[in-house]
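Residues per chain are reported as follows:
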Amino acid sequence: MSTENLPQSPEQPPRKPRVAVVFGGRSSEHGISVVTAGAVLKAIDRTKYDVLPIGITQDGRWALTTDEPERMAIVDRRPPSVDALAESDEGAVILPVDPANREVVYSEPGSVPKALGEVDVVFPVLHGPYGEDGTLQGLLELSGVPYVGSGVLASAVGQDKEYMKRMFTSFGLKVGPYVVIRPREWERDEAAARKKIVDFAGEHGWPLFVKPSRAGSSIGITKVDDLSGLDEAIAEAQRHDPKILVEAALRGREIECGVLEFEDGPRASVPAEIPSPEAHAYYDFEAKYIDSTPGIVPAPLTPEETAEVQRLAVDAFEAASCEGLVRADFFLTEDGEFVINEINTMPGFTPISMYPQMWQASGVTYPELIDRLVQAALRRSTGLR
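Below is a summary of the structure that appears in this document. Note that the coordinates shown come from a computational prediction; the quantities given were computed from them, not determined experimentally.

**Quick word on the overall build of the protein**
- Counting its regular elements, the protein contains eleven helices and 16 strands.
- Relative to a compact globule of 385 residues, whose C-alpha radius of gyration would be 21 Å, the protein shows 21 Å and is just as compact.
- As displayed, the protein has an accessible area near 17,000 Å², and 51% of this comes from carbon and sulfur atoms.
- Distance between charge centres in the protein, computed from 38 positive and 60 negative side chains, equals 2 Å.

Here is the structure:
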């Protein structure tokens, strides 16, 4: 679907496409999603698009929010929330369930439901479970509403680090050593599950990284230097996800590369390097979002290394059947080999986030990046494709 094909009356000029920016959500990345939404709302071209901000509270209510990007920022090291931006404590936004009708309705107890108009495309800037993991994408597929970013399968695979790594391996992409502890393993025999991790450390050495399998923004991750810190790290990861992933530490440089869908297919940005943050054990949540540790763009790589990581980033995008955008994260090991760590199907998207920075250095400005993503979604139909 293109902008030119939007419904219009012969008596009236063509209306602008209406973009619903959906943000917040039930995951532990709620606040970062709100920050991302503020950046998108501030930069999207209002002369080209009508914009409808819709926030999802941490308890799952779809709320009509104020269109005030300046209120969607981290203040005093505290991320913002949808609850503080909602126009009502009880009102709810209702998406259409009929693919032939894209009218969004706002309902409050005791009031007549109010039509908010048709939505032509959803820009979901949710991070983590219940938004980035295919759940929202499935809802939008059922509703017949186009949306920015990857579909159900790619979003689900991109969220679950275990199956992401399995998928990469099946396509010949190199991944680092890891072991997974599923909830049933832990519930059935906690001692055996813990021994599985200890045996993994015996084979690959310390330190280890203990992670929630289905979370992002480095939330719930602990770098464990020896056996004494293992139990606390497991508990922290399980606080965010009952399935945990344990990775061996790879010695090398952290390299990221953005992929963006153009009319002729996906292209890779210039890569960036994430230097080791001086005040943090690794590139954790605080380093990313609170202290804003800067990346190096473009990464100081040889032309051959740059071409290789760009090729691998597009290969990862294609392997997972991604659409729209992806940030692919790699380690460049001491022996000169690129090992893929993960992909993010909806990466951090503020102007200071690495994905927009890499595209800025590649000649695509932040507003143009938003426009390209919306236009790609409008060109694409829902359903099997």
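Following the structure, the description resumes.
**Remarks on the packing of aromatic side chains**
- Under the definition given, this model contains five aromatic pairs.
- Between Phe123 and Phe349, the aromatic rings sit 6.0 Å apart at their centres with planes inclined by 65°, giving edge-to-face as the arrangement. Placement of Phe123 in strand 7 (residues 121–124) and of Phe349 in the loop between strand 16 (338–344) and helix 10 (354–361) is noted, with a sequence separation of 226 residues between them.
- Judged by centre distance (5.8 Å) and plane angle (50°), the ring pair of Phe262 and Trp359 falls under tilted.

**Observations regarding the pattern of salt bridges**
- As enumerated under the stated definition, the model contains 30 salt bridges in all.
- Here Lys196 and Glu185 are joined by a salt bridge, their closest N and O atoms 2.9 Å apart. Highlighted residues: Lys196 in helix 6 (residues 190–204) and Glu185 in helix 5 (residues 183–188), separated in sequence by eleven residues.
- Taking the shortest distance from any N to any O, the salt bridge between Asp329 and Arg327 comes out at 2.9 Å. Accessibility classification places Asp329 together with Arg327 in one group, the buried group.

**What to know about the pairing of strand 9 (residues 208–212)**
- Of all five residues that make up strand 9, five are buried, and the element is covered over most of its length.
- Alternating residues of strand 9 divide into Leu208, Val210 and Pro212 and Phe209 and Lys211, and every residue in both groups is buried.
- As defined by bridge partners, strand 9 adjoins strand 10 (residues 222–224) across three bridges and the pair is classed as antiparallel. Within strand 10, the residue paired with Phe209 across the bridge is Lys223.
- Here strand 9 pairs with strand 11 (residues 244–248) via five bridges, running antiparallel. The residue of strand 11 that forms the bridge with Pro212 is Ile244.

**Overview of the environment of Leu250**
- Following the sequence through the fold, Leu250 ends up in the loop between strand 11 and strand 12 (252–262).
- For Leu250, a relative accessible area of 27% corresponds to the partly exposed category.
- Sequence separation between Leu250 and Glu232 is 18 residues; the distance between their C-alpha atoms is 22 Å.

**Comments concerning the sheet that holds strand 1 (residues 18–24)**
- Spatially, the four strands line up as an open sheet ordered 3-2-1-7, and their pairing is mixed. Pairing within the sheet leaves two strands with one partner each, and these edge strands are strand 3 (62–64) and strand 7. With direction set aside, neighbouring strand axes in the sheet form an average angle of 30°.
- As paired strands, strand 2 (residues 50–56) and strand 3 are joined by three bridges and run antiparallel to one another. By the bridge assignment, Ile54 is partnered in strand 3 with Leu64.

**Concerning the nonpolar core**
- Ranked by size, the top nonpolar core spans 36 residues in total, and within it Val21, Phe23, Phe123, Phe349, Ile370 and Val374 carry the most contacts.
- Broken down by secondary-structure element, the contributors of at least two residues to this core are strand 1, helix 1 (30–43), strand 7, strand 12, helix 10 and helix 11 (366–379).
- A per-element tally of this core places helix 11 first, with seven residues.
- Met164, Leu301, Phe330 and Ile343 belong to the second-largest nonpolar core, a separate cluster that totals 27 residues.

**Here's the deal with helix 10**
- If you check which residues of helix 10 are buried, you get Met354, Tyr355, Pro356, Met358 and Trp359.
- Lining the buried residues of helix 10 we find strand 12, strand 13 (265–268), strand 14 (272–274), strand 15 (325–333) and helix 11.
- Just downstream of helix 10 lies Gly363, where phi reads positive at about 100°.

Reading guide: rules and limits
- Residues numbered from 1 in each chain as written.
- Predicted model: local features only at pLDDT ≥ 70, side-chain atom pairs only at ≥ 80, totals over all residues.
- Heavy atoms only, no water.
- Helix = DSSP H or I, 4+ residues; strand = E, 2+ residues; numbered from the N terminus.
- Rg over C-alpha atoms; globule rule 2.2 N^0.38 Å.
- Areas by Shrake-Rupley, 256 points an atom, 1.4 Å probe, with all protein chains shown as cover.
- Lys, Arg positive; Asp, Glu negative; His and termini not counted.
- Charge placed at Lys NZ, Arg CZ, Asp CG, Glu CD.
- Phe/Tyr/Trp six-rings, centres within 6.5 Å; stacked < 30°, edge-to-face > 60°.
- Salt bridge = Lys/Arg side-chain N within 4 Å of Asp/Glu carboxyl O.
- Buried < 20%, exposed > 50% of the residue type's maximum accessible area, 1.4 Å probe, protein only.
- Pairing = 2+ DSSP bridges.
- Axes fitted to C-alpha atoms, helices over the stretch in contact; angles between N-to-C directions.
- Core = buried A, V, L, I, M, F, W, Y, C linked by side-chain atoms within 4.5 Å.
- Contact = heavy atoms within 4.5 Å.

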